[in-house]
Each structure stands twice: as structure tokens, then as C-alpha cells.
Amino acid sequence: MLPILACGAGIYVGLHFNVLALLPLSVLGAGAYIISAWANGQGMLDGLAAVALPIIAVQLGYFLGLTTRPAYLHLRSRFNIRHSERA
């Protein structure tokens with residue numbers, strides 16, 4: 001479930017933000033996961049090994065978001081209804 005959520009978060013970041021938003025997301029997510037694993041009694045190396053898959057999923061989702069950004073913007077502009085300028 002975690003890799004799917006991480007991929008979804010990466011897609012959202014890829015659609016709406018630049019690459020500089022990916023780094024803090026990855027660092028904060030990895031830090032939270034390592035601290036959670038450490039608090040549950042796992043070793044530090046076990047936590048680092050378990051973090052690799054979500055970080056890869058976030059980066060894969062970010063790549064998917066970047067590649068689908070033009071199509072997403074086209075669909076968004078097509079269904080966007082402009083408001084009247086009358087008061």
C-alpha cells in the first residue's frame with residue numbers, strides 16, 4: 001500500500017510542482033519511515049533497506065507526472081469554464 005501512495009504523491013508533485021519539491025518530499029518521507037521503523041524496534045539498516053522502495057516509487061510517480069503534464073493541462077483547459085466579466 002505504501003508504494004502506491006508514494007507513487008500517487010509523486011504524480012501529484014510532478015503535475016503541480018518543480019523538481020525542487022521532490023527532494024524535501026523524499027527526505028521527509030524517508031526520515032519519517034526510518035524513525036517509525038526504529039521506534040518499532042527494527043535496526044537502522046533494516047529501516048534504510050525498507051525506505052528504498054517508497055523513494056523509488058515517489059521518483060517513478062514524479063516522472064509519470066512530468067510526462068503526463070501537457071495532456072493534463074490540455075484536459076484541464078478544455079473543461080475549464082470561464083466566468084463572465086460582467087459585474
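Residues numbered from 1 in each chain as written. Predicted model: local features only at pLDDT ≥ 70, side-chain atom pairs only at ≥ 80, totals over all residues. Heavy atoms only, no water.

**A closer look at the overall build of the chain**
The helix and strand inventory of the chain stands at three helices and zero strands. Along the chain, helices and strands appear, N-terminal first, in the series α-α-α. What you see for the chain is a C-alpha radius of gyration of 18 Å, clearly larger than the 12 Å of a compact globule of 87 residues, by over 25%. If you line up the chain on its principal axes, its C-alpha atoms span 65 × 30 × 25 Å. Residues classed as buried in the chain amount to 22% of the 87 residues present. Here the analysis covers contacts within the chain between residues at least 6 apart in sequence; of these, 75% occur between residues at least 24 apart. Carbon together with sulfur atoms contributes 69% to the accessible area of the chain, which is approximately 6800 Å² in total. (Helix = DSSP H or I, 4+ residues; strand = E, 2+ residues; numbered from the N terminus. Rg over C-alpha atoms; globule rule 2.2 N^0.38 Å. Buried < 20%, exposed > 50% of the residue type's maximum accessible area, 1.4 Å probe, protein only. Contact = heavy atoms within 4.5 Å. Areas by Shrake-Rupley, 256 points an atom, 1.4 Å probe, with all protein chains shown as cover.)

**What about the packing of helix H1 (residues 2–16) against helix H3 (residues 44–79)?**
At a closest axis distance of 6 Å, the pairing of H1 and H3 adopts a crossing angle of 40°. Compared by their axis directions, H1 and H3 come out oblique. Classified by chirality, the crossing of H3 by H1 is right-handed. (Axes fitted to C-alpha atoms, helices over the stretch in contact; angles between N-to-C directions. Parallel < 35°, antiparallel > 145°, perpendicular 65-115°, else oblique. Left-handed = near helix turned anticlockwise from the far one by under 90°.)

**Side note on H1**
When the terminal C-alpha atoms of H1 are compared, their 21 Å separation across 15 residues agrees well with the 21 Å that a helix rising 1.5 Å per residue should span. Among all positions in H1, only Ala-6, Cys-7, Gly-10, Val-13, Gly-14 and Leu-15 are buried. The inward-facing, buried residues of H1 contact helix H2 (22–39) and H3. (Expected span 1.5 Å × (residues − 1).)

**Considerations on the packing of aromatic side chains**
Per the stated rule, a full pass over the model turns up one aromatic pair. Taking the centre distance of 6.1 Å and the plane angle of 70° together, the rings of Tyr-12 and Phe-17 count as edge-to-face. Given the relative accessible area of 48%, Tyr-12 is considered partly exposed. You can call Phe-17 partly exposed: its relative accessible area is 39%. (Phe/Tyr/Trp six-rings, centres within 6.5 Å; stacked < 30°, edge-to-face > 60°.)

**Topic: the confidence of the model for the chain**
This prediction gives the chain a mean pLDDT of 79; 92% of its residues lie at or above 70. The spread of mean pLDDT over the elements of the chain runs between H2, the lowest at 80, and H1, the highest at 83. (pLDDT = per-residue confidence, 0-100.)

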